[in-house]
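These are the residues of each chain, in order.
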Amino acid sequence: MEHLELFFKSIFVDNMVFATFLGMCSYLAVSKKVSTAVGLGAAVIFVMAITVPLNWLLDQYILQEGALKWLGEEYATYDLSFLSFIMFIATIATMVQLVEIIVEKFAPALYNSLGIFLPLIAVNCAILGGSLFMQSREIASLDLAFNYGVSSGIGFFLAILTIAAIREKIRYSNIPAPLRGLGITFIITGLMAIGFMSFGGMLTGGDEEETTEKTAIVTPSENNTIEISKEEAIELANNEKEIIE
Amino acid sequence: MGLLSKKDLKLITDPLADNNPITIQVLGICSALAITAELKASIVMSIAVLFVMGLGNLTISLMRNIIPPKIRIIVQLIVVATLVIIVDLVLKAFAYELSKTLSVFVGLIITNCIIMGRFEAFALANGPIRSFIDGVGNALGYAVILIIVGFFRELLGSGTLLGFKVLGDPIEKTGVYAFGYENNGFMLLAPMALITVGIIIWVQRSRNTSLIEDN
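Computed from a predicted structure; not experimentally measured.

**Re the overall build of chain A**
Here's step 1: Scanning chain A from N- to C-terminus turns up 13 helices and zero strands.
Here's step 2: Of the regular secondary structure in chain A, the N- to C-terminal order runs α-α-α-α-α-α-α-α-α-α-α-α-α.
Here's step 3: Sequence-distant contacts, at least 24 apart, represent 76% of the contacts inside chain A between residues at least 6 apart.
Here's step 4: Only carbon and sulfur atoms are counted for the fraction: they give 63% of the accessible area of chain A, which is about 12100 Å².

In structure tokens:
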């Protein structure tokens, strides 16, 4: 159950692109054609599935406060968490290189479709962001970390695939000239993000106790905005559907 | 501006408008949008990027002849990561609340594509002083967009600027004669950042038609 909840939450509610804006650069740059978008999306899932659990291990056994206990009692007070940026990015960069070499050697067909995207991925914010969120959300176990990596990757895949499909279609539309290309892509992404916000109620809805608990923690001002936003989000999502249809 | 030659000056002014990193080069959008719900956070983020970009460009440019081309990405990442750790520790020490607001996005400066993009495109091929100026110019171009977006989102979203009340309380609270404004909470949410940037691009390209893309 925990796994299923995390899985859907990372794909829809906390979608990498629409909720946290991670991986925006490659999302905008590589979404002109569906085929390339699929390639990049698959590469992101692949790399995230490897790097997030790996960084989880690093975080648990080297970086966290007291994580060095396994070396002996005198190391138990060490807190190396300030090194996490450099450790995570180094892991990602080396893993990407390693994956590139392995895939090239053992699966040339996969390499031909993913190959050019792999170096791009080292500097994709979604990958580092996945690891940093894994750390700040305190994901509890290795299998949950793996789950989180894969499902966040799938969320990115979904986002880049939809925007690529829309951009292929929108080429035939008559858009005001200054908005063409980048401008309209931004606005469509905004509308899609509004649509994705309506998934926010998916995990809390129905269970009365859980919702009351959650709103109690949220401060009054935030609470207010969330209420407004949900109504509007649903309304706008409906409008968006009409427009798309 | 007597210190800078015309060519160097262009390195600063170009990214501010016609070659803006966000709206034209499409770089560094990731961290730009998520933290612009407050003007203060945008300004701090801009300063952090300015620091990292200026010094990062300088460092890479000084090392450009000794970096082996094959591992240059890892070298660049390590340089940026070191600078970002400095920024992160300084923020945690002097502005703890703000560093909570920025959360992982300080760390994400590492993968900010503007920085990597400028390293690749400029610092590896130019001298240290020009690289430094280029870094500062691009960071300023990034800052301009961040501050515009942050300004409108905070003003319309919570009626404040830098935490000070600008647009008054709702009409019900203040009575008929006061200037009433109902906060548009929607501006504070993620999607509006994208739409605001979309509008900035629209305005910019309407003013300068040579920037228009052909579908």
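**A closer look at the interface of chain A and chain B**
Here's step 1: Between chain A and chain B, the contact holds 46 residues from the first and 43 residues from the second.
Here's step 2: Regarding the contact of chain A and chain B, the summed buried area is about 4000 Å², with carbon and sulfur atoms giving 83% of it.
Here's step 3: If you sort the residues of chain A by the area they bury against chain B, Phe21(A), Phe85(A) and Phe186(A) come out on top, with a joint share of 18%.
Here's step 4: Taken together, the connections running from chain A to chain B amount to zero salt bridges.
Here's step 5: Our count for the contact surface shared by chain A and chain B stands at zero residue pairs in polar contact (both at pLDDT 80 or more).
Here's step 6: Sorting the residues of the side of chain A that touches chain B by element identifies helix H2 (16–20), helix H3 (24–29), helix H5 (84–106), helix H8 (125–136), helix H10 (182–197) and helix H13 (220–244) of chain A as the ones contributing at least two each.

**Here we look at the confidence of the model for chain B**
Residue and element names in this part refer to chain B.
Here's step 1: Looking at chain B as a whole, its pLDDT mean stands at 81, while 91% of the residues score no less than 70.
Here's step 2: Per-element confidence in chain B ranges from a low mean pLDDT of 57 for helix H9 (residues 171–174) to a high of 89 for helix H3 (residues 39–63).
Here's step 3: Predicted complex, confidence summary: ipTM 0.80, pTM 0.79.

**Considering the UniProt feature "transmembrane region" (unreviewed entry) in chain B**
Here's step 1: Here the UniProt-annotated "transmembrane region" (unreviewed entry) positions come out as residues 43–62, 74–95, 101–119, 131–152 and 185–203 of chain B.
Here's step 2: Taken end to end, residues 131–152 of chain B is 100% helix and 0% strand, and its first and last C-alpha atoms sit 32 Å apart.

**As for the side chain of Asp88(B)**
Here's step 1: Note that Asp88(B) resides in helix H4 (residues 72–94).
Here's step 2: Not counting residues up to four positions away in its chain, the partners in contact with Asp88(B) are Phe85(A) and Val106(B).

**Focus: the packing of aromatic side chains**
All names here are of chain A.
Here's step 1: Under the counting rule described, the total for this entry stands at eight aromatic pairs over all chains.
Here's step 2: With 4.6 Å between their ring centres and 45° between their planes, Phe-18 and Phe-196 make a pair best called tilted. Here the residue Phe-18 occupies a position in helix H2, and Phe-196 occupies one in helix H10, the gap between them amounting to 178 residues.
Here's step 3: Among the residues examined, Phe-18 registers a relative accessible area of 3% and is labelled buried.
Here's step 4: Accessibility expressed as a relative area gives 15% for Phe-196, which makes it buried.

**A short note on the pattern of salt bridges**
Here's step 1: The tally for this structure, following the rule as stated, stands at four salt bridges over all chains.
Here's step 2: Here Asp14(A) makes a salt bridge to Lys9(A), at a shortest N to O gap of 3.5 Å.
Here's step 3: The partly exposed category is assigned to Asp14(A), whose relative accessible area is 22%.
Here's step 4: With a shortest N-O distance of 3.1 Å, Asp134(B) and Arg118(B) are connected by a salt bridge. Of this pair, Asp134(B) sits in helix H8 (residues 128–158) while Arg118(B) is found in helix H7 (residues 113–123), placing the two residues 16 residues apart along the sequence.
Here's step 5: Residues joined in a network through salt bridges with shared partners are Lys9(A), Asp14(A) and Arg137(A).

Calculation notes
- Residues numbered from 1 in each chain as written.
- Chains lettered and ligands numbered in written order.
- Predicted model: local features only at pLDDT ≥ 70, side-chain atom pairs only at ≥ 80, totals over all residues.
- Heavy atoms only, no water.
- Helix = DSSP H or I, 4+ residues; strand = E, 2+ residues; numbered from the N terminus.
- Contact = heavy atoms within 4.5 Å.
- Areas by Shrake-Rupley, 256 points an atom, 1.4 Å probe, with all protein chains shown as cover.
- Buried area = accessible area lost by both parts, 1.4 Å probe.
- Salt bridge = Lys/Arg side-chain N within 4 Å of Asp/Glu carboxyl O.
- Polar contact = N/O pair within 3.5 Å; in protein donor to acceptor, adjacent residues only side chain to side chain.
- pLDDT = per-residue confidence, 0-100.
- UniProt positions renumbered as here; feature names shortened; annotations may be inferred.
- Phe/Tyr/Trp six-rings, centres within 6.5 Å; stacked < 30°, edge-to-face > 60°.
- Buried < 20%, exposed > 50% of the residue type's maximum accessible area, 1.4 Å probe, protein only.

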